[in-house]
Amino acid sequence: MLRLLFQSIEQSLGPGLAPAALVIYWSGLILLALVVLVPIYRLRMDYKTARSGMVQQWVMTCPNCDKLTLVSGRYCGFCDHDLSIPWTVRLWTSSYGWIESKAARLIRWITHLVGIVTFLALSVWLVTSTGVLAPQGEVHRLFLGLGLLAWAAVGRFGGRTLRVGRRGILARAGDAIMALAAVGTLAIALFLADAARPTPETVLATFSTTEGKARIGDQVIALSEGEIGFEYLQLDHELLGYHRIIPLAFKGHDRFPFPKNALEQLVVTHLQKHTGGYSRRGLTVRLRTDRLRVAPGQLFEVVQREGQVLIRRVGGR
């Protein structure tokens, strides 16, 4: 199902997939860096303004004496004239521009610093654990970029929600809703990014074909009715999640074994002789041969993918 989704994305975007994925990916990285660096810069500026004795206050020009006065109540600080400020405006402006005590300011700085360091540590863990710096394919890069954008939104709105200071309940609730939506988007994007990773493959052997023959390195074997076989041992331990393929030989009219040293050959012989004993201990040892009818004049490879063996023509994926 997901593979169909990824194929439809590739087909719908076509050549535009690579630039679109690149823009979204780098936009996510840059935005994440800004979400981390801007609060650090703001904290630094807050510290410098506090050291210089600067404070934030609301000011207005008194309609009676025409002087610029601090708004600390209903009356002008110079002529005591009623400033005629509506109570709703006084309530709104009371959330901003107050004078903090030194203890309250120190607590706010420490809280903000702890929040920045925590988000930075989580960002480093997210980047390293999800392979953000090593995208595998354009679809993978696209969803990683969306995940970075979502994580940056989590940091931005989550920080505004938890920020120590005078902010209204409605404003915090709105930021919290946006942060939760960003968390959901992040989970979906990372899930799709993980599913979009190319399936890891290991090339076990390659060979080319001529009329009725196959060339494996410097060796040539005759084929039986145009078929070639690949013989191998498959080891599986479901409880431990262990899977391994041990190549043994190519088979045509004759059997062409893979070169092995004495220790490797001893291990293979031991596994084949004690298959039953290992099976009782959870390790399944199976001797298998995969066959494929091949055409002359082509190049083939034998690959291991998801614990299985596949013989395919190079360029025919």
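Here is what the cut-offs are and how they apply
- Here the residue numbering is sequential within each chain, running from 1 through the sequence in written order.
- Since the coordinates come from a predicted model, pLDDT governs what is reported: local features require at least 70, and pairs of side-chain atoms require 80 or more to be given and counted, while whole-chain, interface and lining totals use all residues.
- Only hydrogens and water are set aside; all other atoms, that is, all heavy atoms of the structure, feed into the side-chain values.
- Under the scheme used here, helices are H or I runs from DSSP no shorter than 4 residues and strands are E runs no shorter than 2 residues, and both carry numbers assigned from the N terminus.
- Burial classes follow relative accessibility: with a 1.4 Å probe on protein chains only, a residue under 20% of its type's maximum area counts as buried, one over 50% as exposed, and anything between as partly exposed.
- Only heavy atoms matter for contacts: two residues are in contact if any of them lie within 4.5 Å across the pair.
- How far a helix is expected to stretch is found by multiplying one less than its residue total by 1.5 Å.
- Two aromatic rings from Phe, Tyr or Trp, using only the six-membered ring of Trp, form a pair when their centres are within 6.5 Å; if the ring planes differ by under 30 degrees the pair is stacked, by over 60 it is edge-to-face, and anything between is tilted.
- By definition, being over a ring means that NZ of Lys or CZ of Arg is both within 6 Å of the ring centre and within 35 degrees of the ring normal.
- Only buried residues count toward a nonpolar core. Its members are Ala, Val, Leu, Ile, Met, Phe, Trp, Tyr and Cys residues joined through side-chain atoms within 4.5 Å.
- At least two DSSP bridges between two strands are needed for those strands to be called paired.
- Note on disulfides: each one is a pair of cysteine sulfur atoms within 2.5 Å.

Attention now goes to the overall build of the protein. Across its full length, the protein carries 8 helices and 11 strands. Along the first, second and third principal axes, the C-alpha atoms of the protein reach 110 × 45 × 35 Å. A buried classification covers 31% of the 317 residues belonging to the protein. Across the protein, every contact between residues at least 6 apart in sequence was considered, and the portion connecting residues at least 24 apart equals 59%.

Locating Leu192 in the fold gives a position in helix 6 (residues 169-195). Exposure remark for Leu192: the relative accessible area of 13% places this residue in the buried category. Residues Leu192 and Thr269, spaced 77 residues apart in sequence, show a C-alpha to C-alpha distance of 43 Å.

Over its 27 residues, helix 6 runs 39 Å from end to end, which matches the ideal 39 Å to within 8%, given 1.5 Å per residue. Those residues of helix 6 that sit buried are Arg172, Asp175, Ala179, Ala182, Leu186, Ala189, Leu192, Ala193 and Ala195.

The geometry of an aromatic ring pair is captured by two quantities: the separation of the ring centres and the angle between the planes. Tallied over the entire structure, the rule returns 9 aromatic pairs. Both rings, one in Phe207 and one in Phe300, keep their centres 5.3 Å apart while their planes meet at 10 degrees; by these two values the pair is stacked. On the criterion of sequence distance, the pair formed by Phe207 in strand 3 (residues 201-210) and Phe300 in strand 10 (residues 299-305) is long-range, its members being 93 residues apart. For Phe207, a relative accessible area of 2% puts it in the buried group. Exposure remark for Phe300: the relative accessible area of 5% places this residue in the buried category. A cation sits over an aromatic face here: Arg141 above Tyr25, 5.4 Å from the ring centre.

On to the nonpolar core, then. As a rule of thumb, soluble globular proteins bury nonpolar side chains together. Core analysis: the biggest nonpolar cluster contains 27 residues, and Phe6, Leu32, Phe119, Val132, Val139, Phe143 and Trp151 have the highest contact counts within it. Mapped by element, the contributors of at least two residues to this core are helix 1 (2-13), helix 2 (17-51), helix 4 (102-129), helix 5 (138-162) and helix 6. The element best represented in this core is helix 5, accounting for 9 residues. Residue contacts for Phe119: discarding those within four places in its chain leaves Leu32, Val35, Val36, Trp151 and Gly155.

Bringing helix 4 into the picture now. Over its 28 residues, helix 4 extends 40 Å from the first C-alpha to the last, a length consistent with the 40 Å expected when each residue adds 1.5 Å. Residues of helix 4 that are buried sit in contact with helix 2, helix 5 and helix 6. At the exit of helix 4 stands Gly131, carrying a positive phi of roughly 70 degrees.

Look at Asp66: it is not a glycine, yet its phi comes out positive at around 60 degrees. Looking at the element boundaries, Asp66 is found in the loop between strand 1 (59-61) and strand 2 (68-70). You can call Asp66 exposed: its relative accessible area is 61%. Positioned with a positive phi, Glu225 is a non-glycine residue whose angle comes to about 55 degrees. Of the residues examined, Glu225 reaches a relative accessible area of 65% and is grouped as exposed.

For strand 10 and strand 11 (residues 308-313), the ladder comprises 6 bridges, and the chain directions are antiparallel. Across the sheet, residue Arg305 finds its bridge partner in strand 11, namely Gln308. Linking strand 10 to strand 11, which pair antiparallel, is a turn of 2 residues; within it Glu306 sits at a positive phi near 55 degrees.

Within the structure shown, the criterion is met by 0 disulfides. For Cys62, which is in no disulfide, the shortest distance to another cysteine sulfur is to Cys79 and amounts to 3.7 Å. On the accessibility criterion, Cys62 (1% relative accessible area) is buried. Left without a disulfide partner, Cys65 is nearest to the cysteine sulfur of Cys62, which lies 3.7 Å away.

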